[in-house]
Amino acid sequence: QVQLVESGGGLVQAGGSLRLSCAASGRTFSNYHMGWFRQAPGKEREFVAAISWSGGSTYYADSVKGRFTISRDNAKITVYLQMNSLKPEDTAVYYCAAAPRAGTWSFRLSQTYDYWGQGTQVTVSS
């Protein structure tokens with residue numbers, strides 16, 4: 001089992017920044033690729049960003065590319081999502097998720113991830 005706890009959400013004005021954190025516990029963190037997803041009211045959960053187990057590869061949704069940065073600190077067993085130039089359409093509950101390093105990793109697909117956090121609300125006002 002891997003337990004994931006997100007933090008760092010909140011209310012911010014458009015153009016502002018937030019940094020989300022996802023603290024992991026349980027099994028060896030470096031055995032997992034990590035992803036961030038979000039879900040806005042009335043919409044399906046969507047992929048935001050992902051990072052490989054080593055941190056050597058990162059991937060972003062087109063809607064956040066150039067504004068968001070995903071990173072991880074395996075020593076601190078934490079993954080981060082730095083969000084800059086926030087827009088009202090970024091408003092959602094943000095979830096981090098863990099996918100096992102072994103096997104195929106389709107980083108955009110939520111089904112690939114075995115463990116999920118409880119989510120943290122991000123609200124961007126216009």
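Student: Just checking my understanding: could you explain the environment of Phe29 for this structure?
Tutor: Mapped onto the elements of the fold, Phe29 is located in the loop between strand 3 (18–26) and strand 4 (32–39). Residue Phe29 is classed as buried on the basis of its relative accessible area, which comes to 5%. Note: C-alpha distance between Phe29 and Ile77 (48 residues apart in sequence) is 5.9 Å. If we skip the residues at most four places from it in the chain, Phe29 touches Ala24, Met34, Arg72, Asp73, Asn74, Ile77, Thr78 and Val79.

Student: Honestly, the environment of Ala92 in this entry has me stumped. Any pointers?
Tutor: Its place among the elements puts Ala92 in strand 9 (residues 92–100). Note: C-alpha distance between Ala92 and Arg108 (16 residues apart in sequence) is 17 Å. Each residue touching Ala92, except ones within four places of it in the same chain, is listed here: Arg38, Gln39, Ala40, Thr120, Gln121 and Val122.

Student: Sorry if this is basic, but what is going on with the state of the cysteines here?
Tutor: A covalent bond between the sulfur atoms of two cysteines is what we call a disulfide. Scanning the entire structure with this criterion turns up 1 disulfide. The disulfide partner of Cys22 is Cys96, and the gap between their sulfur atoms is 1.9 Å. Looking along the S-S bond of the Cys22-Cys96 disulfide, the torsion reads about 50°, which is the right-handed sense. Remark: Cys96 occurs in strand 9 and Cys22 occurs in strand 3; sequence separation between them is 74 residues.

Student: I would appreciate a short explanation of the side chain of Arg38 in the present structure.
Tutor: If you trace the backbone, Arg38 turns up in strand 4. For Arg38, a relative accessible area of 5% corresponds to the buried category. Of note is the side chain of Arg38, whose polar atom sits 2.6 Å from the side chain of Glu46. In this structure the side chain of Arg38 is engaged in a polar contact, spanning 2.9 Å, whose partner is the side chain of Asp90. Leaving out residues up to four positions away in the same chain, Arg38 has contacts with Glu44, Arg45, Glu46, Val48, Ser63, Val64, Phe68, Glu89, Asp90, Ala92, Val93 and Tyr94.

Student: Quick question: what am I supposed to make of unusual backbone geometry here?
Tutor: Leaving glycine aside, a negative phi is the common case for residues, and trans is the common case for peptide bonds. Positive phi outside glycine occurs at Ile77, with the angle close to 45°. On the accessibility criterion, Ile77 (34% relative accessible area) is partly exposed.

Student: Explain the nonpolar core to me, please; I cannot follow it from the model alone.
Tutor: A general feature of soluble globular proteins is that nonpolar side chains tend to end up buried together. Ranked by internal contacts, the top residues of the largest apolar core, which has 39 residues, are Leu4, Met34, Trp36, Leu81, Met83 and Tyr94. With residues near it in sequence (within four places) discarded, Leu81 still touches Leu18, Arg19, Leu20, Trp36, Val48, Ala49, Phe68, Thr69, Ile70 and Tyr94.

Student: What is the right way to look at the packing of aromatic side chains in this model?
Tutor: Pairs of aromatic rings are described using the distance from one ring centre to the other and the angle between the two planes. Scanning the model with the defined rule gives 9 aromatic pairs in all. Taking the centre distance of 5.6 Å and the plane angle of 55° together, the rings of Phe47 and Phe107 count as tilted. Here Phe107 lies in the loop between strand 9 and strand 10 (115–116) and Phe47 lies in strand 5 (residues 46–51), a separation of 60 residues in the sequence. Residue classification places Phe47 among the buried positions, given a relative accessible area of 8%. Seen from their ring centres, Tyr59 and Trp105 are 5.7 Å apart, and the 75° between their planes marks the pair as edge-to-face. On the criterion of sequence distance, the pair formed by Tyr59 in strand 6 (residues 58–60) and Trp105 in the loop between strand 9 and strand 10 is long-range, its members being 46 residues apart. On the accessibility criterion, Trp105 (15% relative accessible area) is buried. Every member of this aromatic cluster is reached through a ring pair, and the members are Phe37, Phe47, Tyr59, Trp105, Phe107, Tyr113 and Trp116. A cation over an aromatic ring shows up here: Arg45 above the ring of Trp116, its NZ or CZ 4.7 Å from the ring centre.

Each value, and the rule that gives it
- Going along each chain's sequence as written, the residues are numbered from 1 onward.
- In keeping with the predicted nature of the model, local features appear solely for residues at pLDDT of at least 70, side-chain atom pairs appear and are counted solely at 80 or more, and the whole-chain, interface and lining totals rest on all residues.
- Calculation of side-chain values draws on the structure's entire complement of heavy atoms; hydrogens and water are dropped beforehand.
- The way it works is that DSSP assigns letters per residue, a run of H or I at least four long becomes a helix, a run of E at least two long becomes a strand, and they are numbered from the N terminus.
- Burial here depends on accessible area, computed with a 1.4 Å probe over protein chains only, as a share of the maximum for the residue type. Under 20% is buried, over 50% is exposed, and the range in between is partly exposed.
- Should any heavy atoms of two residues lie within 4.5 Å, those residues are counted as being in contact.
- The disulfide criterion used throughout: a pair of cysteine sulfur atoms within 2.5 Å.
- Pairs of N or O atoms are called polar contacts if they sit within 3.5 Å, as long as, within protein, a hydrogen donor faces a hydrogen acceptor (for residues adjacent in sequence, only side-chain-to-side-chain pairs).
- Nonpolar cores were defined as sets of buried Ala, Val, Leu, Ile, Met, Phe, Trp, Tyr and Cys residues, with membership established by side-chain atoms within 4.5 Å.
- A pair of Phe, Tyr and Trp rings is counted when the ring centres sit within 6.5 Å of each other, with Trp represented by its six-membered ring. The angle between the planes then sorts it: under 30 degrees is stacked, over 60 is edge-to-face, the rest tilted.
- To sit over a ring, a charge needs its Lys NZ or Arg CZ within 6 Å of the ring centre and within 35 degrees of the ring normal.

These values are about where atoms sit, not about what they do.
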